[in-house]
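Structure at a glance
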Amino acid sequence: VHLGHQHILAQINKMAEQSNGESILLTFHPHPRLVINPNDDSLKLLNTLDEKIELLGRYGIDNLVVLPFTREFSNTTPEEYIRKLLWEKFKPHSIVIGYDHKFGKGRSGDITDIKKFSESAGFEVVEIKKQQVDDIAVSSTKVRMALSEGKVKKARNLLGHEYSLRGKVVKGDQIGRTLGYPTANIDVENKNKLIPD
């Protein structure tokens, strides 16, 4: 939930309030790449589902919908995604979408498809432009890169909050005792969670 996402959430909440409605955020679990390429262990997650739910709770969204992402769902065309999921299930007054959001089979759908459908359906489409922090377009990829390079402060600036890890404290090699300060070894439960270098 980086600064770009936070900007989208603020816009959703503002529009919901103005229209006397409720804000709804749709997310997927597990991450689509983990379903499409189950043998590819290169994707490292910034948040587990529980962490994501907790973070999103900070930003005042009225409703969070966690849609199970399956291989069958990955074959949904952009048109089916818009009509059968977004329109028929939610009947939105407005849809707020990031400038680079892709959806549908092979990530072939984008904001152009939603705008085209909205003309006949009668809902508003709001595009959120690139968010810049220190002249860097904010993205999850750039947060991952910063953490992988051990640049935790840079990642924090892109996230707008501290990056965190959860897990059980386990016994290690007790090297901290020789360094003169205590350390903790954390066994992170989710194997795909990104651990900074």
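This write-up is about the structure you can find in this document.

Cut-offs used in this document
- Residues numbered from 1 in each chain as written.
- Predicted model: local features only at pLDDT ≥ 70, side-chain atom pairs only at ≥ 80, totals over all residues.
- Heavy atoms only, no water.
- Helix = DSSP H or I, 4+ residues; strand = E, 2+ residues; numbered from the N terminus.
- Buried < 20%, exposed > 50% of the residue type's maximum accessible area, 1.4 Å probe, protein only.
- Contact = heavy atoms within 4.5 Å.
- Areas by Shrake-Rupley, 256 points an atom, 1.4 Å probe, with all protein chains shown as cover.
- Lys, Arg positive; Asp, Glu negative; His and termini not counted.
- Charge placed at Lys NZ, Arg CZ, Asp CG, Glu CD.
- Core = buried A, V, L, I, M, F, W, Y, C linked by side-chain atoms within 4.5 Å.
- Axes fitted to C-alpha atoms, helices over the stretch in contact; angles between N-to-C directions.
- Parallel < 35°, antiparallel > 145°, perpendicular 65-115°, else oblique.
- Left-handed = near helix turned anticlockwise from the far one by under 90°.
- Nonpolar A, V, L, I, M, F, W, Y, C, P; charged D, E, K, R; others polar.
- Phe/Tyr/Trp six-rings, centres within 6.5 Å; stacked < 30°, edge-to-face > 60°.

Considerations on the overall build of the chain
- Tallying secondary structure elements over the chain gives eight helices and eight strands in all.
- Taken over the C-alpha atoms alone, the chain extends approximately 70 × 35 × 30 Å along its principal axes.
- Across the 197 residues that make up the chain, the buried fraction comes to 33%.
- Considering only intrachain contacts with a sequence separation of at least 6, the fraction spanning at least 24 residues in the chain is 67%.
- As displayed, the chain offers around 12,500 Å² of accessible surface, 49% of which is attributable to carbon and sulfur atoms.
- Of note, the chain has its 29 positive side-chain charges centred 3 Å away from the centre of its 26 negative side-chain charges.

A look at the nonpolar core
- Ranked by internal contacts, the top residues of the largest apolar core, which has 16 residues, are Phe28, Phe73, Tyr81, Ile97, Phe103, Ile114 and Val125.
- At the level of elements, α4 (78–90), β3 (94–98) and α5 (111–121) are the ones that each hand at least two residues to this core.
- Ranked by residue count, the leading element in this core is α4, at four residues.

Describing the packing of α4 against α5
- Two elements in contact, α4 and α5, have axes whose closest approach is 10 Å; the angle formed by their N-to-C orientations is 50°. In terms of orientation, α4 and α5 fall into the oblique class. Viewed along their axes, α4 and α5 form a crossing whose handedness is right-handed. Residues Pro78, Ile82, Arg83, Leu86 and Trp87 of α4 lie in contact with α5, whose contacting residues are Asp113, Ile114, Phe117 and Ala121.
- Across the contact of α4 with α5, the residue classes break down as seven nonpolar, no polar and two charged.

So, the packing of aromatic side chains
- Using the criterion set out here, one finds nine aromatic pairs in the structure.
- Centroid distance Phe117 to Phe123: 6.2 Å. Interplanar angle 40°. Geometry classified as tilted.
- Given a relative accessible area of 21%, Phe117 falls into the partly exposed group.
- Among the aromatic residues, those joined into a ring-pair cluster are Phe28, Phe69, Phe73, Tyr81 and Phe103.

Describing the packing of helix α6 (residues 140–148) against helix α7 (residues 152–159)
- Running from amino to carboxyl end, α6 crosses α7 at an angle of 160°, the nearest separation of the two axes being 7 Å. Looking at the two axes, α6 sits roughly antiparallel to α7. In this structure, α6 meets α7 at a crossing whose hand is left-handed. Side by side, α6 and α7 meet where Lys142, Val143, Ala146 and Leu147 of the first sit next to Val152, Lys154, Ala155, Leu158 and Leu159 of the second.
- Partitioning the contact of α6 with α7 into residue classes produces seven nonpolar, no polar and two charged.

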